[in-house]
Amino acid sequence: MRSVTYSMGVSLDGYIVGPDGTFDWTEPDDEVFRFWIDDIRQVGVHLLGRRLYETMLYWETADQDPSLDDATREWTALWKPLPKVVFSTTLSEVQGNARLASGGLVEEIERLRAEPGEGEIAIGGATLAAEAAAAGLIDEYRAVVHPVLVGGGTPFFPRCERRVDLELAETRTFGSNVAYLRYRVVRQRAAAAAEPSPGVIPPAR
């Protein structure tokens, strides 16, 4: 089954956007940008909310700029043909290799998992990630942690009222003091925790 992943740049105190609405501190250097290029190669379809979709529209025409360096052209060549599903109640059309979601997030993910295809189902944006997390659909959390404290804003991790056990699957550090953390959701442990221990009588309800 195709994995559902959630990846974004995040401040050390856990925000993808600061309280002033900016995220300029996530701008990657050459080493981190190369990481993002390699990361997008694993994606089969990208799910985006309206704000992130509009932010990424730049890449639909970026290759027309003759001043782009080789790495930026490589990223553009990977991003443009990548299938995208946009979730929005205000947009009536989208550009490039994208389509507006015809159903809810859970329905779309179930449909994508049932269809033949390779590559991860990547989620972009905190709002979509929160909805997917509430439904228990995220398989991996991938945080590119930047050495900055922004003090507030949009949190990377969804605020939910249930425990989610994780296991560290990969770490990496970059010369710019940026750190990559990849965590896998441990579903067996969560399921076991919900069952009464052997020999223990559950309390009466």
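Each remark here, short or long, concerns the structure printed above.
Just so it is clear, the structure is predicted and the values come from calculations on it, not from any experiment.

Novice: Could you clarify how one ought to interpret a nonpolar patch on the surface in this entry?
Specialist: Taken together, Phe157, Val164 and Leu166 make up a surface patch of nonpolar side chains, about 200 Å² in accessible area. Relative to the helices and strands, Leu166 is located in strand S9 (residues 166–173). With relative accessibility at 32%, the residue Leu166 sits in the partly exposed group.

Novice: Please explain the pairing of strand S7 (residues 140–146) as it appears in this structure.
Specialist: Regular strands place side chains that alternate from one sheet face to the opposite one. When you tally the buried positions in S7, you get seven out of seven residues, the bulk of the element. Of the two faces of S7, the one carrying Glu140, Arg142, Val144 and His146 and the one carrying Tyr141, Ala143 and Val145 are both buried. By the bridge criterion, seven bridges tie strand S1 (residues 4–11) to S7 in an arrangement that is parallel. The partner of Met8 across the bridge, within S7, is Ala143.

Novice: Where do I start with the packing of aromatic side chains in this structure?
Specialist: Any pair of aromatic rings gets described here by the distance separating the centres and the angle formed by the planes. With the rule as written, the count across this model stands at eleven aromatic pairs. Between the aromatic rings of Phe35 and Tyr180, the centroid separation amounts to 4.5 Å while the plane-to-plane angle is 55°, which identifies the pairing as tilted. One end of the pair, Phe35, is in helix H1 (residues 30–40); the other, Tyr180, is in strand S10 (residues 179–185), and 145 residues separate them in sequence. Side by side, Phe35 and Tyr180 carry an identical accessibility label, which is buried.

Novice: Before we go on, may I ask you to explain the nonpolar core in this structure?
Specialist: If you look at soluble globular proteins, the nonpolar side chains tend to sit buried side by side. Tyr6, Ile16, Leu47, Ile123, Ile138 and Phe156 are the most contacted members of the largest nonpolar core, which totals 27 residues. The element contributing the most residues to this core is helix H5 (residues 126–134), with five residues. Once residues within four sequence positions are removed from consideration, Ile16 is found in contact with Tyr6, Met8, Gly9, Val10, Phe23, Trp25, Ala126, Thr154, Pro155 and Phe156.

Novice: Honestly, helix H3 (residues 70–79) in this entry has me stumped. Any pointers?
Specialist: For an α-helix, 3.6 residues make a turn, and residues three or four places apart therefore share a direction. All of the buried residues in H3 are Thr72, Trp75, Thr76 and Trp79. Projected down its long axis, H3 shows its buried positions confined to an angular sector of 100°, all on one face. Opposite the packed face of H3, turned more than 90 degrees from it, sit the exposed residues Asp70 and Ala77. Contacts made by the buried residues of H3 are with H1, strand S3 (43–49), helix H2 (50–56) and strand S4 (84–87). The opening residue of H3, the one whose side-chain oxygen lies 3.4 Å from the backbone nitrogen of Ala71, is Asp69.

About the cut-offs
- Residues numbered from 1 in each chain as written.
- Predicted model: local features only at pLDDT ≥ 70, side-chain atom pairs only at ≥ 80, totals over all residues.
- Heavy atoms only, no water.
- Patch = residues over 30% accessible without salt bridge, like charges linked within 9 Å, V, L, I, M, F, W, Y side chains within 5 Å.
- Areas by Shrake-Rupley, 256 points an atom, 1.4 Å probe, with all protein chains shown as cover.
- Salt bridge = Lys/Arg side-chain N within 4 Å of Asp/Glu carboxyl O.
- Helix = DSSP H or I, 4+ residues; strand = E, 2+ residues; numbered from the N terminus.
- Buried < 20%, exposed > 50% of the residue type's maximum accessible area, 1.4 Å probe, protein only.
- Pairing = 2+ DSSP bridges.
- Phe/Tyr/Trp six-rings, centres within 6.5 Å; stacked < 30°, edge-to-face > 60°.
- Core = buried A, V, L, I, M, F, W, Y, C linked by side-chain atoms within 4.5 Å.
- Contact = heavy atoms within 4.5 Å.
- Arc of directions from axis to C-beta.
- Polar contact = N/O pair within 3.5 Å; in protein donor to acceptor, adjacent residues only side chain to side chain.

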